[in-house]
Amino acid sequence: GVRRPFVAALTRAGRLDPSWSGDGLLSHGVPGATSAELDAIARHGDGRIVVAGRATVNGVERAFVARYTPQGNLDTSFSADGMRTVLVRRTVNGTTVTASNVRANDVAVDNPRGRIILAGSATYPGLPSAGDQIALTVSLRMSDGAVDTTWAGGVRHVNLATGDDVANAIAVQ
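Residues numbered from 1 in each chain as written. Predicted model: local features only at pLDDT ≥ 70, side-chain atom pairs only at ≥ 80, totals over all residues. Heavy atoms only, no water.

## Regarding the overall build of the chain
Then comes step 1: When its secondary structure is counted, the chain shows zero helices and twelve strands.
Then comes step 2: Mapped in sequence order, the helices and strands of the chain form the string β-β-β-β-β-β-β-β-β-β-β-β.
Then comes step 3: The principal-axis extents of the C-alpha atoms in the chain amount to approximately 55 × 40 × 30 Å.
Then comes step 4: Taking all 173 residues of the chain together, the buried fraction comes to 45%.
Then comes step 5: Counted over contacts in the chain with a minimum sequence separation of 6, partners at least 24 positions apart contribute 47%.
Then comes step 6: Taken as a whole, the chain presents about 8,600 Å² of accessible surface, with 48% of it coming from carbon and sulfur.
Then comes step 7: Each charge sign in the chain was given a centre, from 17 positive and 15 negative side chains, and these centres are 2 Å apart. (Helix = DSSP H or I, 4+ residues; strand = E, 2+ residues; numbered from the N terminus. Buried < 20%, exposed > 50% of the residue type's maximum accessible area, 1.4 Å probe, protein only. Contact = heavy atoms within 4.5 Å. Areas by Shrake-Rupley, 256 points an atom, 1.4 Å probe, with all protein chains shown as cover. Lys, Arg positive; Asp, Glu negative; His and termini not counted. Charge placed at Lys NZ, Arg CZ, Asp CG, Glu CD.)

## Regarding the environment of Phe-64
Then comes step 1: With respect to the secondary-structure elements, Phe-64 resides in strand β5 (residues 60-68).
Then comes step 2: Here Phe-64 falls in the buried class, since its relative accessible area comes to 0%.
Then comes step 3: Sequence separation between Phe-64 and Arg-54 is ten residues, and the spatial gap between their C-alpha atoms is 4.6 Å.
Then comes step 4: In this structure, Phe-64 is in contact with Pro-5, His-28, Val-30, Leu-38, Val-51, Ala-52, Gly-53, Arg-54, Ala-55, Met-83, Arg-84 and Thr-85, ignoring residues within four places of it in sequence.

## Thoughts on unusual backbone geometry
Then comes step 1: In this model, Ser-21 sits at a positive phi of 65 degrees, which is unusual for a non-glycine residue.
Then comes step 2: Inspection of the secondary structure puts Ser-21 in the loop between β1 (6-8) and β2 (25-27).
Then comes step 3: Here Ser-21 falls in the partly exposed class, since its relative accessible area comes to 22%.
Then comes step 4: Within the chain, Ala-80 stands out as a residue other than glycine whose phi angle is a positive 65 degrees.

## With respect to the packing of aromatic side chains
Pairs of aromatic rings are described using the distance from one ring centre to the other and the angle between the two planes.
Then comes step 1: Enumeration over the complete set of coordinates arrives at one aromatic pair.
Then comes step 2: Ring geometry for Trp-20 versus Tyr-68: centroids 6.0 Å apart, planes at 80 degrees, classification edge-to-face. With Trp-20 in the loop between β1 and β2 and Tyr-68 in strand β5, this residue pair connects regions lying 48 residues apart in the sequence.
Then comes step 3: By relative accessible area, Trp-20 is classed as buried at 4%. (Phe/Tyr/Trp six-rings, centres within 6.5 Å; stacked < 30°, edge-to-face > 60°.)

## Quick notes on the nonpolar core
Then comes step 1: Core analysis: the largest hydrophobic core is formed by 25 residues, its most contacted members being Val-88, Val-107, Ile-116, Leu-118, Tyr-124 and Leu-140.
Then comes step 2: For this core, the secondary structure elements donating two or more residues are β3 (33-43), β4 (49-57), β5, β9 (101-110), β10 (115-123) and β11 (133-141).
Then comes step 3: Residues in contact with Leu-140, not counting those within four places in the same chain, are Val-65, Phe-78, Arg-84, Val-86, Gly-114, Arg-115, Ile-116, Leu-118, Gly-145, Ala-146, Val-147 and Asp-148.
Then comes step 4: Counting residues in each nonpolar core, the second largest holds 13 residues, with Ala-36, Ile-49, Phe-64 and Ala-66 among its members. (Core = buried A, V, L, I, M, F, W, Y, C linked by side-chain atoms within 4.5 Å.)

## Quick notes on the environment of Pro-70
Then comes step 1: Looking at the secondary structure, you find Pro-70 in the loop between β5 and β6 (83-86).
Then comes step 2: When its relative accessible area of 38% is taken as the criterion, Pro-70 is described as partly exposed.
Then comes step 3: Along the chain, Pro-70 and Leu-136 lie 66 residues apart, while their C-alpha atoms are 29 Å from each other.
Then comes step 4: Excluding its chain neighbours within four sequence positions, the residues that come into contact with Pro-70 are Trp-20, Asp-46, Gly-47 and Arg-48.

What is shown is where atoms sit, not what they do.
Here it is in structure tokens:
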């Protein structure tokens, strides 16, 4: 009953690639999560792979990011275990609140600047409608998975109008 991240590596001929994770398939748990799903994948210039999506931890949906080595193992140089969940905060009506749901719908790798950029959405209590989503981008340092505060403070919210605003794709120029 628990959803887990699952990645498959294929050869150019469309077969599972046994040089990646031993059989071309990799699934793993997320510490503290009752569920995790992937929505996006990107590749570093050095062959490492980054995936992004969402994980439910203590009943709260958080953005989820994992990085794998070119051989198909969790990259422990990224956030010590190769995985990171991200919660974000924002000031709503003068009070700093934590998002009740955060999703990463896409991921991009900014190799020259050493960061991973997520695009998605966050839902905050206290907005005109408690279900309103705000479009969101988050920058993480490639070196360790920490939020990169040198880029727009690390988190950029874009609230276009009342109702749901969601970032579904991102690219790095």
